[in-house]
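Overview (structure and organization)
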Amino acid sequence: VCFNILVINMKVNNVDNPVRGKMLSLMASADAPKAHRPSNGIIIGFDMDGVILDNARLKIKIAKKFGFNIKLGHTPFDIIRTILPSFVLEELQNILHDDPVIALSTPLRKGTMNVFLELENKKIPYFLISRHKMPEMAIRILSKHSLWPKYFNKVNAFFVDQAEDKNKKAVQLGLTHYIDDELK
């Protein structure tokens, strides 16, 4: 069994991201659960930050407070982690995820609602797998944007501690595709 990790195409202000359009295939356990598998076999997983939510401008604003002048093309996780020291990156993520004013001001990525409406119409199952220390805040953000519980809920949303845990959960769920802004 194989599932694909699709790193979203990031072209911001006509600047190509070095991870633009890369696709990884990971081998999953042959006995991965096939629950929820439709007849076409597609099961999609989504990351939240940088995929469903467009937090690029907030990352720029927070990085600036720490003395770093980053550009839009630097905001995908695989790029920003090469620019910011790890302690700054960790603090930036804590602010994005845990500060209610910042977290709840994060906009949806353009077209997000249409994607989920289309998946619902085509009866393609999907899941949210996101790294969040405080799932309650993530749920508040999703609720604010009318994604919780309409599209995501306790049955199809999973919050994990480590990036590697996203891969493990994807295998458990039998995902065929996972959309992330982080190459793992």
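Right above here is the structure, for reference.
The notes below deal with the structure included here. Note on numbering: residues in each chain are counted from 1, in written sequence order. Only residues with pLDDT of 70 or above have their local features reported here, since the model is predicted, and side-chain atom pairs are shown and tallied only from 80 upward, although totals for entire chains, interfaces and linings are computed over all residues. Water and hydrogen atoms were dropped before computing side-chain values, which therefore reflect all heavy atoms in the structure.

Considerations on the nonpolar core
Side-chain atoms within 4.5 Å are what join buried Ala, Val, Leu, Ile, Met, Phe, Trp, Tyr and Cys residues into a set we call a nonpolar core. The buried label applies to any residue whose accessible area, calculated with a 1.4 Å probe on protein chains only, is under 20% of its type's maximum; exposed applies above 50%, and partly exposed to all values in between. One finds Phe 46, Ile 52, Phe 116, Tyr 126 and Phe 152 to be the most contacted residues of the largest nonpolar core, which totals 22 residues. Runs of H or I in DSSP of at least four residues are treated as helices and runs of E of at least two as strands, each being numbered from the N terminus. Put simply, the parts of the chain that give this core at least two residues each are strand 5 (44-46), helix 5 (112-121), strand 6 (126-131) and helix 6 (135-144). Top contributing element to this core by residue count: helix 6, with 4 residues. The next biggest cluster of nonpolar side chains, apart from the first, holds 12 residues, and it includes Leu 58, Leu 84, Leu 92 and Leu 96.

Re the packing of aromatic side chains
The pairing test for Phe, Tyr and Trp rings, Trp by its six-membered ring, is centres within 6.5 Å, and the orientation test on the planes gives stacked under 30 degrees, edge-to-face over 60, and tilted for anything in between. Scanning the model with the defined rule gives 6 aromatic pairs in all. Centroid distance Phe 116 to Tyr 126: 5.3 Å. Interplanar angle 50°. Geometry classified as tilted. Of the two residues, Phe 116 sits in helix 5 while Tyr 126 sits in strand 6, which places them 10 residues apart along the sequence. Like Phe 116, the residue Tyr 126 is buried in the burial classification. An aromatic cluster of at least three residues, connected via ring pairs, comprises Phe 46, Phe 116, Tyr 126, Tyr 151 and Phe 152. In this structure, Arg 131 packs its charged tip against the face of Phe 77, placed 5.4 Å from the ring centre. Geometrically, a lysine NZ or arginine CZ counts as sitting over a ring once it is within 6 Å of the ring centre and also within 35 degrees of the ring normal.

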